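# Observations on the model geometry
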Amino acid sequence: LVGTGFGQKPATNTVKVYFHNEKPQTGQLGPVKAVLDFLIITNDSVGPVRLGMTVAQARRALRGFTLNRTSDGEGIALIAVKRGKQTVMTLYAGEQNPKSRINERAKIEFIEVWDPRYRTADGVNPKMPLREVEQKYGQLKEIRLSEIEAREFATLATQPGSDFAPPEVNRY
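Everything numeric in this text was worked out from a predicted model, so none of it was measured.

## Considering the overall build of the protein chain
From N to C terminus, the protein chain includes three helices and ten strands. For the protein chain, the succession of helices and strands along the chain, N to C, is β-α-β-β-α-β-β-β-β-α-β-β-β. For the protein chain, buried positions account for 44% of its 172 residues. Taking the contacts inside the protein chain whose residues are at least 6 apart along the sequence as the reference set, 55% of them involve residues at least 24 apart.

This is the structure in structure tokens:
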């Protein structure tokens, strides 16, 4: 399991999926398959954004979204990907200064997903209750707590390369 560690910058080559207390949305295939493909989470991508691509490439792939500088409680320079006012994902591209302009040539190393419409091939999505995730990826093995922001990271028995971060209220 690869994660942010305790109070450290995000590890490279990690896709993060956060889970909150909300049922996953369902839809029909057919003419909306292209939209559904756009919303898939894999071990190295979220929709059209892939680990290792530059911020400029991600910006082109995310037409209709805005990319803005943001930071977290640890002071890490991040990039918020927004659709309107909603942050759908956050990118880390190895940048150190959260007050600097976004470096369009920086390579994406880490993706956090917030929008429940994005999902894995198994149907696991952000905001899915942890007990439902266990049905897909096996029993909960451990929950770790980050130092500064007190984020929780869950490890499941047969999970793919993603980290799962359920809020405390969502354990069971």
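Right, picking up where we left off after that structure.
## Concerning the confidence of the model for the protein chain
Per-residue confidence for the protein chain averages 77 on the pLDDT scale, and 72% of its residues sit at or above 70. This model gives residues 1-16 a pLDDT under 50, and the stretch forms 60 contacts once residues within four places in sequence are excluded. Across residues 18-34, where pLDDT falls below 50, the model places 44 contacts with residues more than four positions away in sequence or in other chains.

## What about the pairing of strand β8 (residues 140-145)?
Pairing analysis gives five bridges linking β8 to strand β9 (residues 152-156), with the strands arranged antiparallel. Bridge assignment links Arg 144 to a residue of β9, and that residue is Phe 153. Adjacent in sequence and paired antiparallel, β8 and β9 are bridged by six residues, among which Ala 150 carries a positive phi angle near 55°.

## Looking at the pairing of β9
Across the five residues of β9, five count as buried, placing the element largely inside the fold. Burial along β9 is two-sided: the face carrying Glu 152, Ala 154 and Leu 156 and the face carrying Phe 153 and Thr 155 are both buried.

## A few points about the nonpolar core
Among the nonpolar cores identified, the biggest contains 23 residues, and Val 49, Val 81, Met 89, Leu 91, Ile 108, Ile 111 and Tyr 118 are the most heavily contacted of them. Of all the elements in the fold, those that place two or more residues in this core are α2 (55-61), β5 (77-83), β6 (86-92) and β7 (110-113). At three residues, the largest contribution of residues to this core is made by β6. Discounting residues that sit within four places of it in the chain, Leu 91 has contacts with Val 49, Leu 67, Leu 78, Ile 79, Val 81, Ile 108, Phe 110 and Ile 111.

## Digging into the packing of aromatic side chains
Summed over the entire model, instances satisfying the criterion amount to zero aromatic pairs. A cation sits over an aromatic face here: Arg 83 above Phe 65, 4.1 Å from the ring centre.

## Topic: unusual backbone geometry
For Lys 127, which is not glycine, the phi torsion reads 80° and is therefore positive. As for its placement among the helices and strands, Lys 127 is situated in the loop between β7 and α3 (130-137).

## Some words on the pattern of salt bridges
Working definition: two side chains of opposite charge can pair if their charged atoms are close together. On inspection of all chains with the given rule, the structure shows five salt bridges. The closest approach of N and O atoms between Asp 44 and Arg 50, which form a salt bridge, is 3.6 Å. The partly exposed category is assigned to Arg 50, whose relative accessible area is 44%.

## With respect to the environment of Phe 153
Looking at where Phe 153 falls in the secondary structure, it is placed in strand β9. Residues Phe 153 and Ile 143, ten residues apart in the sequence, show an inter-C-alpha distance of 5.4 Å.

## Notes on the side chain of Thr 120
Examined against the element boundaries, Thr 120 turns out to sit in the loop between β7 and α3. When near neighbours in sequence (up to four residues on either side) are disregarded, Thr 120 contacts Ile 40, Ile 41 and Tyr 137.

Parameters and conventions
Residues numbered from 1 in each chain as written. Predicted model: local features only at pLDDT ≥ 70, side-chain atom pairs only at ≥ 80, totals over all residues. Heavy atoms only, no water. Helix = DSSP H or I, 4+ residues; strand = E, 2+ residues; numbered from the N terminus. Buried < 20%, exposed > 50% of the residue type's maximum accessible area, 1.4 Å probe, protein only. Contact = heavy atoms within 4.5 Å. pLDDT = per-residue confidence, 0-100. Pairing = 2+ DSSP bridges. Core = buried A, V, L, I, M, F, W, Y, C linked by side-chain atoms within 4.5 Å. Phe/Tyr/Trp six-rings, centres within 6.5 Å; stacked < 30°, edge-to-face > 60°. Lys NZ or Arg CZ within 6 Å of the ring centre and 35° of its normal. Salt bridge = Lys/Arg side-chain N within 4 Å of Asp/Glu carboxyl O.

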